Amino acid sequence: MGRLFGTDGARGVAVTELTCERAMEIGRAAAYVLTKESGKAHPNILVGMDTRISSKILEAALSAGLASVGANALQLGVVPTPAVAYLVKAYNADAGVMISASHNTVEYNGIKLFSSEGFKLPDSVEEEIESLILDRTAEIPLRNGTDVGRITRLSNGTNDYIQHIRDCAGAGHYAGDSRRFCFDCANGSSAATARRLFAYLGEGCEFIADEPDGTNINDNCGSTHIDQLCEYVKNGGMAAGFAFDGDADRCLAVDENGNVIDGDRIIAVLAKYMKQKGLLRGNAAVVTVMSNLGFHDFMKDNGMNTVCAKVGDRYVLEEMLKNGYNIGGEQSGHIILLDHATTGDGQLTAAMLIKVMQETGKTLAQLCEDIVDYPQLLVNVRITESGKGRWNTVPAITDSIAAAEKELSGSGRVLVRESGTEPLVRVMIEGKDMDMVKRLAESIAEEVRRSLT
């Protein structure tokens, strides 16, 4: 793990941790590294942001950094993260930047970088950018006079992105379907696109948490606070609901009975549909080691394979690109549909899941009825700064993990890891007996608390 970039870009409390100065430095270093091979005097770099009150501050600082080394900063305004990834390639830009802290609360913000092909950067490239900033491994030449870059605002980016998603989903082909859907926009980026994007579904669609004010992003709404959507769907007679996170790169669903459909189940449903259509490349889906054992069982029962990657959608994507797979993702709702997108896209995921419902005539509950989950519990333990990077070196913690693995005896599993985006150690236990799962998860979590907080 890098010193500046985690599993999903640079992130911290805006202005005090992720400072304006650091945003400017990232802009300069990213422009230097990502465009040095192009030979262009003024490479074009797209800049998008979410709805946080701090996003405009960081947009200004980052754009200044880009322009100071000769790059043109083409500002998209408030857009989903996957819109930046798509538009970079569609507009033949040289790189893309998204200012967002995704599912985090409003005080955080982050900076995610995309290559000219619309992909998140590999660790090696992020480390090169990081070294320029932290170690001053090279002098980045500044421009002056007419050599500085320009900062301009692009007005049509959201429209082009919306049309792309609608084209992918075959929007409008099922006008006779009168089912109603609800979309929770997390008061984030999808509030700028969802109403227009899903207008093809008819007037029965409803939208909640789509009135961002700069301070209410992810505030008891969206994919990290899905309870209100569950109630809304169940009590409102909706066919399904879809919850996005702050930058709309992830999606969780809710079936007609108010039950949450996580990323595992969404991937399973879409993979089965793709297999039936002859579209599932490699006859497999890529997931992370956190995916439920029930997902593995479903894939096997339906004649499909499961490929596991490290936690983090960038590692899922790396595996997909390496071996030619076209669907993958995480339980959290990062779903990558590589035939249509280069990163997780919550609204694309929702549109494709609706398409499966419309083509099959089935309800979401019916599509998921054969996917049986093992009991699984995830406990997040907040740690101190001094506790970072130490969980697997403390004997009390490693001994408690070994004891839990011995007790499960092959009928479950233990996964402990440190978050790449927050000061947390995540303890996940999976097994056939929920009481045992709870007891073992809490025993490990307690050792982490004693040692690292």
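Provided above is the structure to which this section pertains.
### Some details on the overall build of the protein
Moving on, step 1. Within the protein one finds 14 helices and 19 strands.
Moving on, step 2. Taken over the C-alpha trace, the protein has a radius of gyration of 22 Å; the compact-globule value for 453 residues is 22 Å, and the two agree within 12%.
Moving on, step 3. Taken along the three principal axes of its C-alpha coordinates, the protein extends 70 × 60 × 40 Å.
Moving on, step 4. Considering the protein as a whole, with its 453 residues, one finds that 57% of them fall into the buried category.
Moving on, step 5. Summarising the internal contacts of the protein: among those between residues at least 6 apart in sequence, 71% fall at separations of at least 24.
Moving on, step 6. In the form shown here, the protein has an accessible surface area of approximately 18200 Å², with 47% of it arising from carbon and sulfur atoms.
Moving on, step 7. Across the protein, 45 positive and 61 negative side-chain charges occur, with their mean positions spaced 2 Å apart.

### Thoughts on unusual backbone geometry
Moving on, step 1. For Ser102, which is not glycine, the phi dihedral falls at a positive 55 degrees.
Moving on, step 2. Its location among the elements puts Ser102 in the loop between strand 5 (95–99) and strand 6 (108–114).

### A few points about the sheet that holds strand 10 (residues 240–244)
Moving on, step 1. Strand order across the open sheet formed by five strands is 9-8-10-11-12, with mixed pairing between neighbours. Both edges of this open sheet fall to strand 9 (206–208) and strand 12 (260–261), since each of them pairs with a single strand only.
Moving on, step 2. Where strand 8 (residues 181–184) lies against strand 9, three bridges are found, and the strand directions are parallel. Of the residues in strand 9, the one forming a bridge with Phe183 is Phe207.

### Overview of the sheet that holds strand 2 (residues 9–13)
Moving on, step 1. Pairing within the open sheet is mixed, and its seven strands lie in the order 1-2-6-5-3-4-7. Each edge of the open sheet is held by one strand with a lone partner, namely strand 1 (5–6) and strand 7 (151–153).
Moving on, step 2. Note that strand 5 and strand 6 share four bridges and pair antiparallel. Bridging across to strand 6, Ile99 finds its partner in Ile111.
Moving on, step 3. Against the sheet, helix 1 (residues 20–35) engages strand 2, strand 3 (44–49), strand 5 and strand 6, with an angle of about 10 degrees to strand 6.

### What to know about the pattern of salt bridges
Moving on, step 1. The final tally for this structure, using the stated rule, is 26 salt bridges.
Moving on, step 2. One network of salt bridges, in which partners are shared, links Glu442, Glu446, Glu447, Arg449 and Arg450.

### Points about the packing of aromatic side chains
For any two aromatic rings, the description comes down to two numbers: the centre-to-centre distance and the angle of the planes.
Moving on, step 1. Inspection of the entire model under this criterion finds six aromatic pairs.
Moving on, step 2. Ring geometry for Phe183 against Phe242: centres 5.6 Å apart, planes inclined by 25 degrees, an arrangement best described as stacked. Of this pair, Phe183 sits in strand 8 while Phe242 sits in strand 10, placing them 59 residues apart in sequence. Each member of the pair, Phe183 as well as Phe242, carries the same accessibility label: buried.
Moving on, step 3. Summarising the aromatic geometry, the rings of Phe183 and Phe244 are spaced 6.5 Å apart at their centres and angled 15 degrees between planes, so their arrangement reads as stacked.

### Looking at the nonpolar core
Moving on, step 1. Ranked by size, the top nonpolar core spans 66 residues in total, and within it Phe181, Phe183, Phe198, Phe242, Ile327 and Leu364 carry the most contacts.
Moving on, step 2. Among all residues touching Phe242, those that are not within four sequence positions of it are Phe181, Cys182, Phe183, Asp184, Leu229, Cys251, Leu252, Ala253, Ala350, Leu353 and Ile354.
Moving on, step 3. With 31 residues, the next largest nonpolar core counts Ala31, Val69, Ala95 and Leu113 among its residues.

### Some points on the environment of Ala64
Moving on, step 1. Along the chain, Ala64 turns up in helix 2 (residues 55–68).
Moving on, step 2. On the basis of relative accessibility, which here comes to 28%, the residue Ala64 falls in the partly exposed class.
Moving on, step 3. C-alpha separation for the pair Ala64 and Gly27, spaced 37 residues apart in sequence, amounts to 7.6 Å.
Moving on, step 4. When sequence neighbours within four positions are dropped, the list of residues in contact with Ala64 reads Met24 and Ile151.

### Examining the side chain of Glu430
Moving on, step 1. Note that Glu430 resides in strand 19 (residues 424–430).
Moving on, step 2. Residue Glu430 is classed as buried on the basis of its relative accessible area, which comes to 0%.
Moving on, step 3. Engagement of the side chain of Glu430 in a polar contact is seen with the side chain of Asn292, the distance being 3.0 Å.
Moving on, step 4. Within the structure, Glu430 has its side chain in polar contact with the backbone nitrogen of Leu293 (distance 3.2 Å).
Moving on, step 5. Those residues in contact with Glu430 that lie beyond four places of it in its chain are Ser291, Asn292, Leu293, Tyr374, Pro375, Gln376, Leu408, Gly412, Arg413 and Val437.

Rules used throughout
- Residue positions are counted from 1 within each chain, in the order its sequence is given.
- Local features in a predicted model are, by the rule used here, given only for residues with pLDDT of at least 70; side-chain atom pairs are given and counted only at 80 or more, and totals for whole chains, interfaces and linings are based on all residues.
- Here the side-chain values reflect all heavy atoms present in the structure, with hydrogen atoms and water set aside.
- Counting from the N terminus, the helices are DSSP H or I runs at least four residues long and the strands are E runs at least two residues long.
- Each radius of gyration reported is based on C-alpha atoms, and the globular scaling rule is 2.2 Å times the count of residues to the power 0.38.
- Residue burial is assigned from relative accessible area. The probe radius is 1.4 Å, only protein chains are included, and a residue is buried under 20% of its type maximum, exposed over 50%, and partly exposed in between.
- Should any heavy atoms of two residues lie within 4.5 Å, those residues are considered in contact.
- Using a 1.4 Å probe, the Shrake-Rupley method yields the accessible areas, and only the shown protein chains count as cover for residues.
- Counted as positive: Lys and Arg. Counted as negative: Asp and Glu. His and the chain ends are not counted at all.
- We put the charge of a Lys on NZ, of an Arg on CZ, of an Asp on CG and of a Glu on CD.
- Any two strands between which DSSP finds at least two bridges are classified as paired.
- The axes used here are C-alpha line fits, helices contributing only the stretch in contact, and every angle between their N-to-C directions lies in the interval 0 to 180 degrees.
- When a carboxyl oxygen of Asp or Glu is within 4 Å of a side-chain nitrogen of Lys or Arg, the pair counts as a salt bridge.
- Only centres within 6.5 Å qualify two rings of Phe, Tyr or Trp (six-membered ring in Trp) as a pair; their planes then separate them into stacked at under 30 degrees, edge-to-face at over 60, and tilted for everything else.
- Buried Ala, Val, Leu, Ile, Met, Phe, Trp, Tyr and Cys residues that are joined via side-chain atoms within 4.5 Å together make up what is termed a nonpolar core.
- We call two N or O atoms a polar contact when they sit within 3.5 Å, provided that within protein one can donate a hydrogen and the other can accept it, with sequence-adjacent residues counted only if both atoms are side-chain atoms.

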